[in-house]
Amino acid sequence: MGHREAIRMTTEPSDAFDEMSEYDSTSIFKPKVVALVVSNSETHGPNVMTASWWMLAGYNPYRILLAVSHKTYTHEIIEENPEFVLASPSLEMVDGLTLAGKVSGRELDKIEHLELETVPGKDVNVPLLADAVGNVELSVMDSFEFENCTYYFGSVENAWVTTGGLDGRILDPDAGVLAYMGSDWGEDDPDTKYRYYAEIEPENIGRFPGDEVIDSLPEDLQEKYRD
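Along each chain, numbering runs from 1 in the same order as the chain's sequence is written. Confidence filtering applies because this is a predicted model: local features only for residues at pLDDT of at least 70, side-chain atom pairs given and counted only at 80 or more, and all residues used for totals across whole chains, interfaces and linings. Only hydrogens and water are set aside; all other atoms, that is, all heavy atoms of the structure, feed into the side-chain values.

K.L.:
Which residues make up the overall build of the protein chain, and what values do they have?
P.N.:
Helix and strand counts for the protein chain stand at seven helices and 13 strands. Judged by the C-alpha coordinates and their principal axes, the protein chain covers about 65 × 50 × 40 Å. Each residue is assigned to one of three classes by its accessible area relative to the maximum for its type, calculated with a 1.4 Å probe on protein chains only: buried under 20%, partly exposed between the two thresholds, exposed over 50%. For the protein chain, the proportion of its 227 residues judged to be buried stands at 33%. The accessible surface values rely on the Shrake-Rupley method and a 1.4 Å probe; as for residues, cover is taken only from the protein chains in view. Accessible area for the protein chain stands at about 15300 Å²; split by element, carbon and sulfur atoms hold 50% of it. We count Lys and Arg on the positive side and Asp and Glu on the negative side, and we leave His and both chain ends out. Charge coordinates come from a single atom per side chain, which is NZ of Lys, CZ of Arg, CG of Asp or CD of Glu. Averaging the coordinates of the 16 positive side-chain charges in the protein chain and doing the same for the 44 negative ones gives two points 4 Å apart. What counts as a helix is a DSSP run of H or I of at least four residues, what counts as a strand is a run of E of at least two, and both are numbered from the N terminus.

K.L.:
Tell me what's going on with the pairing of strand 5 (residues 83–88), and back it up with residues and numbers.
P.N.:
Of all six residues in strand 5, six are buried; the element is thus mostly enclosed. Side-chain alternation along strand 5 places E83, V85 and A87 on one buried face and F84, L86 and S88 on a second face that is also buried. Following DSSP output, two strands are said to pair if at least two bridges run between them. Bridge count for strand 1 (residues 35–41) against strand 5 is three bridges, and the pairing is antiparallel. Paired with V37 across the two strands is L86, which belongs to strand 5.

K.L.:
Would you mind going over a negative patch on the surface in detail, with residue names and values included?
P.N.:
Where like charges cluster on the molecular surface, the negative patch consists of E22, D24, D184, E187 and D188. Tracing the backbone shows D184 in strand 12 (residues 179–185). According to the relative accessible area criterion, D184 is partly exposed, its value standing at 42%. Like-charged residues are merged into a patch within 9 Å and nonpolar side chains (Val, Leu, Ile, Met, Phe, Trp, Tyr) within 5 Å, provided each residue has over 30% relative accessible area and no salt bridge. The term salt bridge refers to a pairing of a side-chain nitrogen on Lys or Arg with a carboxyl oxygen on Asp or Glu at a separation within 4 Å.

K.L.:
Please provide a residue-by-residue account of unusual backbone geometry, values included.
P.N.:
Between K30 and the following residue, P31, the backbone shows a cis peptide bond with an omega angle of 15 degrees. If you trace the backbone, P31 turns up in the loop between helix 2 (13–16) and strand 1. The residue E147 is not glycine, and still its phi comes out positive at about 50 degrees. Judged by its relative accessible area of 69%, E147 falls in the exposed class.

K.L.:
Which residues make up the sheet that holds strand 3 (residues 54–59), and what are the values?
P.N.:
Spatially, the seven strands line up as an open sheet ordered 2-1-5-8-9-4-3, and their pairing is antiparallel. The open sheet has two edge strands, strand 2 (45–51) and strand 3, and neither has a second partner. Along the sheet, successive strands turn relative to each other by an average axial angle of 35 degrees, direction set aside. Two elements, strand 3 and strand 4 (residues 62–69), share five bridges in a ladder whose sense is antiparallel. Under this scheme, a helix contributes an axis fitted over its contacting stretch, all axes are lines through C-alpha atoms, and angles between N-to-C directions fall in the 0 to 180 degree range.

K.L.:
Run through the nonpolar core, naming residues and quoting values.
P.N.:
Definition used in this section: a nonpolar core is a set of buried Ala, Val, Leu, Ile, Met, Phe, Trp, Tyr and Cys residues joined via side-chain atoms within 4.5 Å. L36, V48 and L129 are the most contacted members of the largest nonpolar core, which has 18 residues in total. Elements supplying a minimum of two residues to this core: strand 1, strand 5, helix 4 (94–100) and strand 7 (128–129). Each residue touching L36, except ones within four places of it in the same chain, is listed here: V48, M49, T50, V85, L86, A87, P89, M93, G96, L97, A100 and L129. Core analysis: the second largest hydrophobic core is formed by 12 residues, I64, L66, I78 and L86 among them. In this description, contact between two residues means that some pair of their heavy atoms is separated by no more than 4.5 Å.

K.L.:
Account for helix 3 (residues 73–80), with residues named and values stated.
P.N.:
Listed in full, the buried residues belonging to helix 3 are Y73, T74, H75, I77 and I78. As for helix 3, its buried residues are in contact with strand 1, strand 2, strand 4, strand 5, strand 8 (134–146) and strand 9 (149–161).

K.L.:
Run through the packing of aromatic side chains, naming residues and quoting values.
P.N.:
Remark: the centre distance and the inter-plane angle together describe each pair of aromatic rings, the angle taken between the planes. Here is the rule: rings of Phe, Tyr and Trp (six-membered ring for Trp) pair when centre to centre is within 6.5 Å. Planes less than 30 degrees apart are stacked, more than 60 are edge-to-face, and the remainder are tilted. Under the counting rule described, the total for this entry stands at three aromatic pairs. For the pair F144 and F153, a centre-to-centre distance of 6.1 Å together with 45 degrees between the ring planes defines the contact as tilted. Owing to a relative accessible area of 38%, F144 belongs among the partly exposed residues under this scheme. The class of F153 is partly exposed, set by a relative accessible area of 22%. Aromatic rings pair up to connect F144, Y151 and F153 into one cluster.

K.L.:
Kindly report on the environment of S139, identifying the contributing residues and their values.
P.N.:
As for its position among the elements, S139 is in strand 8. Separated by 24 residues in sequence, S139 and E115 have C-alpha atoms that sit 26 Å apart.

K.L.:
How would you summarise the side chain of S90 if you had to cite specific residues and measurements?
P.N.:
Here S90 shows up in the loop between strand 5 and helix 4. The class of S90 is buried, set by a relative accessible area of 5%. One polar contact links the side chain of S90 to the main-chain carbonyl oxygen of D131, over a distance of 3.2 Å. Each polar contact in these results corresponds to two N or O atoms within 3.5 Å; when the atoms are within protein, one needs to be able to donate a hydrogen and the other to accept it, and residues that are neighboring in sequence are counted only if both atoms are side-chain atoms.

By themselves, these figures tell us nothing about what the structure is for.
Written out as structure tokens, the structure reads:
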């Protein structure tokens, strides 16, 4: 019996799916690009932090929503200087992704320790990461607090991609973006936590024509929803 037939005959979700914990629920939405958030203190200089809690939050103006825990040094800096950069890490920056998410900038200059090269931002007083696949400059336009986090709406001031990194509007696989899969302890080494990522190769990129599914609609809806 196939999966679809099993779903049609089931009366309980557990008949068709394996249950998982709430902590594992994000696994089904990966791979994803985990950002490196760069902020800049006027007194202590720039800092970098790993961030998974971000999303597109609107188009006019184009804006991104970033959640930052109150206990982080990044929160302290953005409250002082309400600007930040979201950097898309390359495969070569995997060590930075790990360290920037574990060690506080109050204890270590992570940019110096990781030997991350930077480039000055154009319209924000925050540096870009030179080895990233791309960088987005953002200025805080609004924010709200919920529990122990501040959610910042960042208006996109400028966006940059590595030279040749876009194929039309699609990120070129050769740009080497770090497609993060999650973390888990190793089966043969249960004391070590591993970070998993997918290597995206050009031959594995597929596409589909969106018009085909639109053609399946009634004629009045085809006219309404065709690009």
